[in-house]
Amino acid sequence: MVNVKVEFLGGLDVIFGKQRTHKVSLSGESDVTVGNLIDHIVDSMIKNPRDKDVFIENDTIRPGILTLINDTDWELEGEKEYVLEDGDIVSFTSTLHGG
Amino acid sequence: MSFTPPSDPKKPKGIKVSQLCDLCHSRKALIKRPKNLQKICKLCFFHVFETEIHNTIISNNLFEHGEKVAVGASGGKDSTVLAYVLKLLNERYNYGIQIVLLSIDEGIVGYRDDSLATVKRNKEQYNLPLEIVSYRELYDWTMDEIVACAGVRNSCTYCGVFRRQALDRGAAKLGIRHVVTGHNADDMAETVLMNILRGDVARLEKSTAIMTQSSGSPIKRSKPFKYSYQKEIVLYAHYKKLDYFSTECTYAPEAFRGTARELMKNLEAVRPSCIIDIIYSGESLRLKPKKTKRAPPAGHVEVRSDGSVSLNGGNFVDGNKCERCGYLSSNRICKACMLLEGLQQNRAKLSIDRDVSTEGAAKLTRTLEQLTF
């Protein structure tokens, strides 16, 4: 069981009931990865199934969404392979909205 | 609506040598720069991001000492970061400029009113004066009314034409001759790509200019973020916890630009430097000069398909003024006045349709008026 905080920023909160911060508990037999977290978000957190394409593309986070694990670009943390720990903060920020 | 900053993560336990910043070699690298794939820490990121913008400003001589500069502020990420960084650099490097926030209220309920609330908070947070100019006072139309009249499909056309003028007029009202906007590298690459895809060669050459000014207009425009990646702007706003507004406009975005943007994002995922590379290609393009047409007979006036009339036998003359509003225009009547006229005719028609007096005697009179022999 691992407890993490998930944040949807830069306008992404609209597909999560306009709530920016979510507390998520994930259980698994082995290590829980960011990949598992993304599956959980897609399967049970996105309210409207049609919004899935806003978040995910070709089985990964859609280009244009910035993913940070504890404020570090997830590219530097092994992306989906990163093993979550209690208290981790994972944030997804859309960069696509007008400036 | 208030501002909720992103949460701070807990402190990392141990750091491996391979995770250290490429620049200072002492702190943990948090980001990978899309430009050069360098891995750097938060403090080095702030430093390189700000310094690159400073270098862009200095090498292009964007500002003069004592100049008043209006930041086109929408409340979105780009203009919020721009206002913050310009204020910071102005103090750090003593540009000697006076910064004013200039916002346009298009009159879109549920979108612009919320984003203007953000700009009003920015005004307090950065201690900068703010001026708001509305479509209502300039054109006597709000975007909501225009959409009701002309349909959602044309919304971006109207909004774009009107906003361009509105920024200039707002600046003129404040006695400011320089408007800076938050257009970033992604926007610019997107525009270059769109112009190539559309074959719009006339715009292609001009589209990468960092500063634009027409000889007839006293107001120049510049883009200090020309070389700044959208990703880095968002990261900067995130780490600095800047208060910005992020909701898509209520009206459908321009479909073609949306597709070009998607294409850019997919290209960036494969090759992050491609954004800066496209801008470089755009800058280096030199188009073959157009063959000059045989001069038309004297007094010849060309009427284009949209009803506009060419002046001076079709030669583009910089610095022409619109006959109605005096705004810079290559035609006798500027695009905004032409759109307004179309809207005005529609509004008149609508009010007649709803007119209840079309009964009885009034109806008879109207029918008689339409009779021809």
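Residues numbered from 1 in each chain as written. Chains lettered and ligands numbered in written order. Predicted model: local features only at pLDDT ≥ 70, side-chain atom pairs only at ≥ 80, totals over all residues. Heavy atoms only, no water.

Remarks on the overall build of chain B
- Along the backbone of chain B there are 13 helices and eight strands.
- The 373 residues of chain B split such that 43% are buried.
- As displayed, chain B offers around 20,100 Å² of accessible surface, 54% of which is attributable to carbon and sulfur atoms. (Helix = DSSP H or I, 4+ residues; strand = E, 2+ residues; numbered from the N terminus. Buried < 20%, exposed > 50% of the residue type's maximum accessible area, 1.4 Å probe, protein only. Areas by Shrake-Rupley, 256 points an atom, 1.4 Å probe, with all protein chains shown as cover.)

Things to note about the domain arrangement of chain B
All names here are of chain B.
- Under the domain assignment, chain B is made up of domain 1 (46-284) and domain 2 (319-349).
- Look at where the C-alpha atoms of domain 1 and domain 2 centre, and you get two points 24 Å apart.
- On the side of domain 2, 14 residues touch domain 1, which itself brings 19 residues to the contact.
- Interface of domain 1 and domain 2: buried area, both sides summed, is about 1,400 Å²; carbon and sulfur atoms make up 69% of it.
- On the surface where domain 1 and domain 2 come into contact, there are zero salt bridges.
- Counting across the domain 1 and domain 2 interface gives zero residue pairs in polar contact (both at pLDDT 80 or more).
- Going through the elements one at a time, α5 (143-150) and α6 (155-173) are the ones with two or more residues in the side of domain 1 that touches domain 2.
- Ranked by the residues each element gives to the side of domain 1 that touches domain 2, the list is headed by α6, at eight residues. (Domains from an automatic or database assignment. Contact = heavy atoms within 4.5 Å. Buried area = accessible area lost by both parts, 1.4 Å probe. Salt bridge = Lys/Arg side-chain N within 4 Å of Asp/Glu carboxyl O. Polar contact = N/O pair within 3.5 Å; in protein donor to acceptor, adjacent residues only side chain to side chain.)

Re the interface of chain B and chain A
- Contacts between chain B and chain A engage 35 residues on the former and 31 residues on the latter.
- Where chain B abuts chain A, roughly 2,700 Å² becomes buried across the two surfaces, and 49% of that area is made up of carbon and sulfur atoms.
- If you look at where chain B meets chain A, you find five salt bridges.
- Notably, a salt bridge pairs B:Lys32 with A:Glu75, separated by 3.4 Å at the nearest N-O pair.
- Remark: the boundary between chain B and chain A carries 13 residue pairs in polar contact (both at pLDDT 80 or more).
- Every element with two or more residues in the side of chain B that touches chain A is listed here: β1 (31-32), α2 (77-93), α9 (230-239) and α10 (255-270) of chain B.
- When residues in the side of chain B that touches chain A are grouped by element, the largest group, six residues, is from α9(B).
- Residues belonging to the side of chain B that touches chain A are distributed by class as follows: 10 nonpolar, 11 polar and 14 charged. (Nonpolar A, V, L, I, M, F, W, Y, C, P; charged D, E, K, R; others polar.)

Topic: the pattern of salt bridges
- The final tally for this structure, using the stated rule, is 33 salt bridges over all chains.
- Put simply, B:Lys265 and B:Glu268 hold a salt bridge, and the shortest N to O gap is 2.8 Å. A residue pair is termed a helical-turn pair when its members lie 3 or 4 positions apart in one helix, as B:Lys265 and B:Glu268 do in helix α10 at three residues. Pair check on accessibility: B:Lys265 and B:Glu268 agree, each one buried.
- Among the ionic contacts, a cluster of salt bridges with common partners joins A:Asp73, A:Glu75, B:Lys32 and B:Lys231.

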